[in-house]
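# Structural features, examined
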Amino acid sequence: MTELKINNLSFSYGMKKVFSNFSFSVSDGITLLLGANGCGKSTLFKLICGVLLPAKGSVEVYRDNKRVNNSKTVISYVPQNFDVFPSLKVYDILTYICGERDKSLSKSEIKKQVEYAIELADISEYAYKKMRTLSGGTKQRVGIAQSVLGNPKIIVADEPTAGLDPEQRERYNRIVTKTAENRCVLISTHIFDDMQYYDNVALMFDGKINFSGTKEEMVKSVSGKIYQVTYKSSEFSKKYLDRFTILSINENRDETTVRFYSDDFPVNLTNEPIKSEADLKDAWVYYCRVKNDKT
């Protein structure tokens, strides 16, 4: 088993503090790191990969409960936009990266790894095309291909689905699932719909992890605390619910239905609320708003 441990990390850009005593860990399988733009995801990934150095704290990798002394050799990084060597062909780029990443590999071993990566990422038809001729979605698949070269045990992919259409995102996430066998994969995104592809999620806001676990656990954590109330549209005012955190408002011509979060059964409302079954979107909004305000 491989485990990535981040211990008491602190980092700032000048006077702007990004992390303060930040700790987080992930192990084998895929974990989706979800959070709004600007919450610290990209900075965290650069700290994990050694592109940035923390003011204090550490990033450690363990294999079968033993610490890996040179963690950089087992971590592969996929940046937000994988667009390197535009004038070179994909096959040549992957060959170069593989040889540089693990200088102990023979030419035949490099060839074998490159061909495996091309097949895995489903880019055979683009192998001998120049990078500059590829679409954004295909370039991201080349990014997946390079990430497995040298057999890294940890892959971190920073916002890989940003800019992709729904079909491209589905294809990308399907391919990523194949790369996760016997590996620890950490993927960041700000796209809520990406949660449908993975079971393990971590929610980041303002340099803090507000939740880490399965989607089922996430929904369960707000179960019994979601309510719904309906008003005539002509009579509805947000001030009726200013004591609570509104999760969603559904308006039509005649009625306005509001979902909101409350620790206790809401009383003294102008209309009678009903308890509603929690869903993933409710939990997501809760950890964005309510939980973030409390931490």
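Preceding this section is the structure that the text describes.
Let me sum up the structure you'll find in this document. (Residues numbered from 1 in each chain as written. Predicted model: local features only at pLDDT ≥ 70, side-chain atom pairs only at ≥ 80, totals over all residues. Heavy atoms only, no water.)

Check the secondary structure of the chain and you find eight helices and 14 strands. In terms of its C-alpha atoms, the chain occupies a principal-axis envelope of roughly 75 × 40 × 35 Å. When each of the 295 residues of the chain is scored for burial, the buried share is 48%. (Helix = DSSP H or I, 4+ residues; strand = E, 2+ residues; numbered from the N terminus. Buried < 20%, exposed > 50% of the residue type's maximum accessible area, 1.4 Å probe, protein only.)

A few words now on the sheet that holds strand E11 (residues 226–232). Strand order in the open sheet formed by four strands is E12-E13-E11-E14, with antiparallel pairing between adjacent strands. Each end of this open sheet is capped by a strand with a single partner; those strands are strand E12 (245–251) and strand E14 (274–275). Bridge count between E11 and strand E13 (residues 255–261): seven bridges; the pairing is antiparallel. Residue pairing across strands places Lys232 opposite Glu255, the latter belonging to E13. Docked against the sheet, helix H7 (residues 280–288) engages E11, E12 and E13, running at close to 135 degrees with respect to E12. (Pairing = 2+ DSSP bridges. Contact = heavy atoms within 4.5 Å. Axes fitted to C-alpha atoms, helices over the stretch in contact; angles between N-to-C directions.)

It is worth spelling out the packing of aromatic side chains at this point. Applying the stated criterion across every chain, the model contains 16 aromatic pairs. A centroid spacing of 5.4 Å and a plane angle of 15 degrees characterise the contact between Tyr91 and Tyr128, whose relative ring orientation is stacked. Placement of the pair is Tyr91 in helix H2 (residues 90–101) and Tyr128 in the loop between helix H3 (107–120) and helix H4 (136–147), with a sequence separation of 37 residues. Ring centres of Tyr227 and Phe265 lie 5.6 Å apart, and the angle between their planes is 85 degrees; on these two criteria the pair is classed as edge-to-face. One end of the pair, Tyr227, is in strand E11; the other, Phe265, is in the loop between E13 and E14, with 38 residues separating them in the sequence. (Phe/Tyr/Trp six-rings, centres within 6.5 Å; stacked < 30°, edge-to-face > 60°.)

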